[in-house]
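# Structural features, examined
As a plain string of letters, each chain reads:
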Amino acid sequence: MSIGEIIETKSPLPTFALFLLFAILIYLAALPLSLFSQQASKPQLREIRMDKLSAFILSFDIASSSDFAAAALVDRRIRVWKLSSGEVQHEFSFPAPETDEHLKVSGEVEPISVRFSPDGKYLAISFLSRIYLYDVVTWTEKMSLGVPGEDQHRPDLKITPETPQLEKRSTEQAQADKNKPVLSLNESMRAWARASEKGDGRTRITDFAFTKDGFSIIASYCRWKCYATTWLRWEAFPSGSDPVRLWDIASARLVWEHVYDEKSVTTRIVPSLDATRFAVVQASPGHCAVGMHNLSDGTSLWSHPLGPCPDPPPISFYEDSRSFITNRVEEGNRKNKLWRNIGTYETSSGRMIGDFPKRDTVRDFDVSSDGRWLASTSWSGLRFQIWICRRKKQS
């Protein structure tokens, strides 16, 4: 790959980037197409609506064939906006599951994601181990996909409230607690870490996606501790049996299930645009790897070795699905930090076939539908970059 041009801007307020993006997207969707052709040489920006949210956004999606955008918030609310007017169209909420709050650390929240179906008729929401599909006309639940019993906590779990409370103890209980041996700080932390990484016994969905035809949903699951965080990092601890599943939507039937790596959890799923394969990110604390699998039966094509990475890298296919872009995690180490750079890889083999300038680090990016443009943010979050991509033909 060769880079024809890079256009870069600097922003002193990276924390507002997501809110700014949301406002721009609502604005763009509300404009008539004729305005784009008439004002192509003189862009204008008109704010339709700016919502000041009380909770951080975990997931965001825009319907490709309808007039809606949806966001999932860390307080388990899902809000849907009508793009043409900017008005809130509907709002969902999910109750907090009972759990042992002592097993969590500050900032850890239940993972929740939103995806519109390719035809824009349904909004899918993942929460705990199930995926719920809602009709965007009536906002009624049409079905849910999941395995019975996976939403239940383990029987020996001690339920504790989010806000610490004093426990009433009898004299006998107080004396028994006093006679217990006192662990050292290191022993206490190790005991807590062992209990914490196993989670509360529930299975949670880490990511899911519709196939291009909209007939199926592919989803990844975590059986031990897997929480999202308010600083957008994943805390995923592999159980050794964390599956990826393909669901048939019409019948709500499980088509296949695979566990790809006992030492990692699948935290990102990206189907190819030709609907034949899907890319994944396998993650364990501090490490991750990119792999590729066949969509029809879930068989594995290849997988890069685990490399150090702070966050699961994004993946974006080119329009012909023969190649894709992701971060160079497999080459990275603590010294060269190549996980901060991106490259182009061959879908069939995982071989890198093109790189980008190493001076330009990339944390997040997306490719335009025609494969010509690539927009990215720098690793520091202080730069927004627009690339013109020219790819060499593959033999």
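Being a predicted model, the structure only gives us computed values, none of them experimental.

Quick look at the packing of aromatic side chains now. For the structure shown, the criterion picks out nine aromatic pairs. Pairwise contacts between aromatic rings join Phe 68, Phe 92, Tyr 134 and Trp 139 into one cluster. A cation sits over an aromatic face here: Arg 115 above Phe 208, 5.3 Å from the ring centre. Above the face of the Tyr 221 ring, Arg 245 is positioned so that its terminal group lies 4.4 Å from the ring centre.

By the bridge criterion, five bridges tie strand 4 (residues 77-82) to strand 5 (residues 88-93) in an arrangement that is antiparallel. Note on strand 5: the bridge partner recorded for Ile 78 is Phe 92. Once strand 4 ends, the chain turns through five residues before running back antiparallel as strand 5, passing Gly 86 with a positive phi of about 80°.

Spatially, four strands are ordered 2-3-4-5 in an open sheet, and the strand pairing comes out antiparallel. Across the chains shown, the open sheet's two edge strands, defined by having one partner strand only, are strand 2 (57-62) and strand 5. Between one strand axis and the next, the sheet turns by 15° as a mean value, whatever way the strands run.

A separate point is the sheet that holds strand 14 (residues 235-236). With antiparallel pairing, three strands are arranged side by side in an open sheet as 6-13-14. Unpaired on one side and paired on the other, strand 6 (108-109) and strand 14 mark the two borders of the sheet. When strand 13 (residues 226-229) meets strand 14, the two strands line up antiparallel, connected through two bridges. Bridging across to strand 14, Tyr 227 finds its partner in Glu 235.

On to the confidence of the model for the protein chain. Residues with a pLDDT of 70 or more make up 83% of the protein chain, whose mean pLDDT is 81. This model gives residues 1-20 a pLDDT under 50, and the stretch forms 45 contacts once residues within four places in sequence are excluded. In the model, residues 23-31 has pLDDT below 50 throughout and makes 18 contacts with residues more than four positions away in sequence or in other chains.

Checked against the element boundaries, Asp 67 lands in the loop between strand 2 and strand 3 (68-73). Owing to a relative accessible area of 23%, Asp 67 belongs among the partly exposed residues under this scheme. For the pair Asp 67 and Ser 85, spaced 18 residues apart in the sequence, the C-alpha separation amounts to 9.4 Å. Sequence-distant contacts of Asp 67, that is, excluding residues within four places in its chain, are made with Trp 81, Lys 82, Leu 83 and Ser 84. At a separation of 2.6 Å, a polar atom in the side chain of Asp 67 contacts the side chain of Ser 84.

On to the pattern of salt bridges, then. Scanning all chains against the criterion turns up 15 salt bridges. The partner of Glu 110 in a salt bridge is Arg 204, with the nearest N and O atoms 2.7 Å apart. Taken as a pair, Glu 110 in the loop between strand 6 and strand 7 (112-116) and Arg 204 in strand 11 (residues 204-210) lie far apart in primary sequence, 94 residues in all. The class for Glu 110 is buried, based on a relative accessible area of 6%. Between Asp 200 and Arg 202 there is a salt bridge, and its shortest N-O distance comes to 2.7 Å. With relative accessibility at 1%, the residue Asp 200 sits in the buried group. Note on Arg 202: relative accessible area 6%, which makes it buried.

With that settled, the discussion passes to the state of the cysteines. If you walk through the whole model with that rule in mind, you get two disulfides. Two residues share a disulfide in this structure: Cys 222 and Cys 226, whose sulfurs sit 1.8 Å from each other. On the S-S bond that ties Cys 222 to Cys 226, the torsion sits near 70°, and the link is right-handed. Each of the two residues, Cys 222 as well as Cys 226, counts as buried. Two residues share a disulfide in this structure: Cys 288 and Cys 309, whose sulfurs sit 1.8 Å from each other. In this pair, Cys 288 sits in strand 19 (residues 287-294) while Cys 309 sits in the loop between strand 21 (307-308) and strand 22 (315-317), placing the two residues 21 residues apart along the sequence. The class of Cys 309 is buried, set by a relative accessible area of 6%. Taken in sequence order, the bonded cysteines of the protein chain link in the pattern 1-2, 3-4.

Scoring rules and cut-offs
- Residues numbered from 1 in each chain as written.
- Predicted model: local features only at pLDDT ≥ 70, side-chain atom pairs only at ≥ 80, totals over all residues.
- Heavy atoms only, no water.
- Phe/Tyr/Trp six-rings, centres within 6.5 Å; stacked < 30°, edge-to-face > 60°.
- Lys NZ or Arg CZ within 6 Å of the ring centre and 35° of its normal.
- Pairing = 2+ DSSP bridges.
- Helix = DSSP H or I, 4+ residues; strand = E, 2+ residues; numbered from the N terminus.
- Axes fitted to C-alpha atoms, helices over the stretch in contact; angles between N-to-C directions.
- pLDDT = per-residue confidence, 0-100.
- Contact = heavy atoms within 4.5 Å.
- Buried < 20%, exposed > 50% of the residue type's maximum accessible area, 1.4 Å probe, protein only.
- Polar contact = N/O pair within 3.5 Å; in protein donor to acceptor, adjacent residues only side chain to side chain.
- Salt bridge = Lys/Arg side-chain N within 4 Å of Asp/Glu carboxyl O.
- Disulfide = S-S within 2.5 Å.

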